[in-house]
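Topology and contacts: notes
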Amino acid sequence: MNNNASDFISLSIFIAALIFSQEAAAIVGPYVAIIAAASIGASFALARRDKATRTGAAVFFARVVGLAVLLTVVLAQIASAYYPAIHERLMLIPIALLVGFIGDEWPRLLDKVLAKLLGLIDFFRKGQP
């Protein structure tokens, strides 16, 4: 693992080490960074939403950040498998930010991706009898 203290993950681990043991901080620190990045992304998603009650906004915000906590590590591992030159740790913050930013737009985004995929399949099939 990179011991460079200039990245945000290392800073999160350092701050967590002030509260937890070194071993626990190595586990908790990246999740602190994920929560911070997802919170920034979720704030943009919350701003795009129709105005709601404070409770509704807080529940939405917690749900989006929770989803980012669950998905970020898995998505970073998948991305790292496709791009082995980029370390998984470097992908945590951008992925958490993106998941938070998408918010509740997942169905719309997946519909667009599916439409593009089906269009690509049709493009290759047109030359076939």
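1. Things to note about the overall build of the chain
Looking only at helices and strands, the chain features five helices and zero strands. Reading the chain from its N end, one meets helices and strands in the order α-α-α-α-α. Its C-alpha radius of gyration of 18 Å places the chain more than 25% over the 14 Å reference for a compact globule of 129 residues. Dimensions along the principal axes, computed over C-alpha positions, put the chain at roughly 65 × 45 × 20 Å. Burial status across the chain gives 26% buried among its 129 residues. If you take every contact in the chain between residues at least 6 apart in sequence, the share linking residues at least 24 apart comes to 57%. Surface exposure of the chain reaches about 9,100 Å², of which carbon and sulfur atoms provide 70%. Of note, the chain has its 11 positive side-chain charges centred 9 Å away from the centre of its 8 negative side-chain charges.

2. Let's talk about the side chain of Ser10
With respect to the element layout, Ser10 can be found in helix α1 (residues 8–19). Judged by relative accessible area, Ser10 falls into the buried class, the value being 13%. Among the polar contacts listed, one links the side chain of Ser10 to the side chain of Arg89, at a separation of 2.4 Å.

3. Some details on the packing of helix α2 (residues 22–48) against helix α3 (residues 54–82)
Where α2 meets α3, the closest approach of the two axes is 9 Å, and the angle between their N-to-C directions is 135°. Between α2 and α3, the interaxial angle falls into the category oblique. Crossing geometry of α2 relative to α3 is assigned as right-handed. Contacts between α2 and α3 pair Tyr31, Ile34, Ile35, Ala38, Ser39, Ala42, Ser43, Ala45 and Leu46 from the former with Ala57, Phe60, Phe61, Val64, Val65, Ala68, Val69, Thr72 and Val73 from the latter. Looking at the contact of α2 with α3, its residues break down into 15 nonpolar, three polar and no charged.

4. Some words on the pattern of salt bridges
The tally for this structure, following the rule as stated, stands at five salt bridges. Residue Asp7 pairs with Arg89 through a salt bridge whose shortest N-O separation is 3.3 Å. Of this pair, Asp7 sits in the segment before α1 while Arg89 sits in helix α4 (residues 88–102), and the two are 82 residues apart along the sequence. Between Arg108 and Glu105 there is a salt bridge, with its nearest N and O atoms 3.3 Å apart.

5. Quick look at a nonpolar patch on the surface
On the surface, Phe8, Leu11, Phe14, Ile15, Leu18, Ile19 and Phe20 cluster together into a nonpolar patch covering about 740 Å² of accessible area. Structurally, the position occupied by Phe20 is in the loop between α1 and α2.

6. Points about the packing of aromatic side chains
If you walk through the whole model with that rule in mind, you get two aromatic pairs. A ring pair is formed by Phe123 and Phe124, whose centres lie 5.4 Å apart and whose planes are at 70°; its orientation type is edge-to-face. Looking at Arg49, its charged tip hangs above the ring of Phe60, at a distance of 4.4 Å from the centre.

7. Topic: the environment of Arg108
In this structure, Arg108 sits in helix α5 (residues 106–125). Between the alpha carbons of Arg108 and Phe44 there is a distance of 17 Å; along the sequence they are 64 residues apart.

The rules behind the values
- Residues numbered from 1 in each chain as written.
- Predicted model: local features only at pLDDT ≥ 70, side-chain atom pairs only at ≥ 80, totals over all residues.
- Heavy atoms only, no water.
- Helix = DSSP H or I, 4+ residues; strand = E, 2+ residues; numbered from the N terminus.
- Rg over C-alpha atoms; globule rule 2.2 N^0.38 Å.
- Buried < 20%, exposed > 50% of the residue type's maximum accessible area, 1.4 Å probe, protein only.
- Contact = heavy atoms within 4.5 Å.
- Areas by Shrake-Rupley, 256 points an atom, 1.4 Å probe, with all protein chains shown as cover.
- Lys, Arg positive; Asp, Glu negative; His and termini not counted.
- Charge placed at Lys NZ, Arg CZ, Asp CG, Glu CD.
- Polar contact = N/O pair within 3.5 Å; in protein donor to acceptor, adjacent residues only side chain to side chain.
- Axes fitted to C-alpha atoms, helices over the stretch in contact; angles between N-to-C directions.
- Parallel < 35°, antiparallel > 145°, perpendicular 65-115°, else oblique.
- Left-handed = near helix turned anticlockwise from the far one by under 90°.
- Nonpolar A, V, L, I, M, F, W, Y, C, P; charged D, E, K, R; others polar.
- Salt bridge = Lys/Arg side-chain N within 4 Å of Asp/Glu carboxyl O.
- Patch = residues over 30% accessible without salt bridge, like charges linked within 9 Å, V, L, I, M, F, W, Y side chains within 5 Å.
- Phe/Tyr/Trp six-rings, centres within 6.5 Å; stacked < 30°, edge-to-face > 60°.
- Lys NZ or Arg CZ within 6 Å of the ring centre and 35° of its normal.

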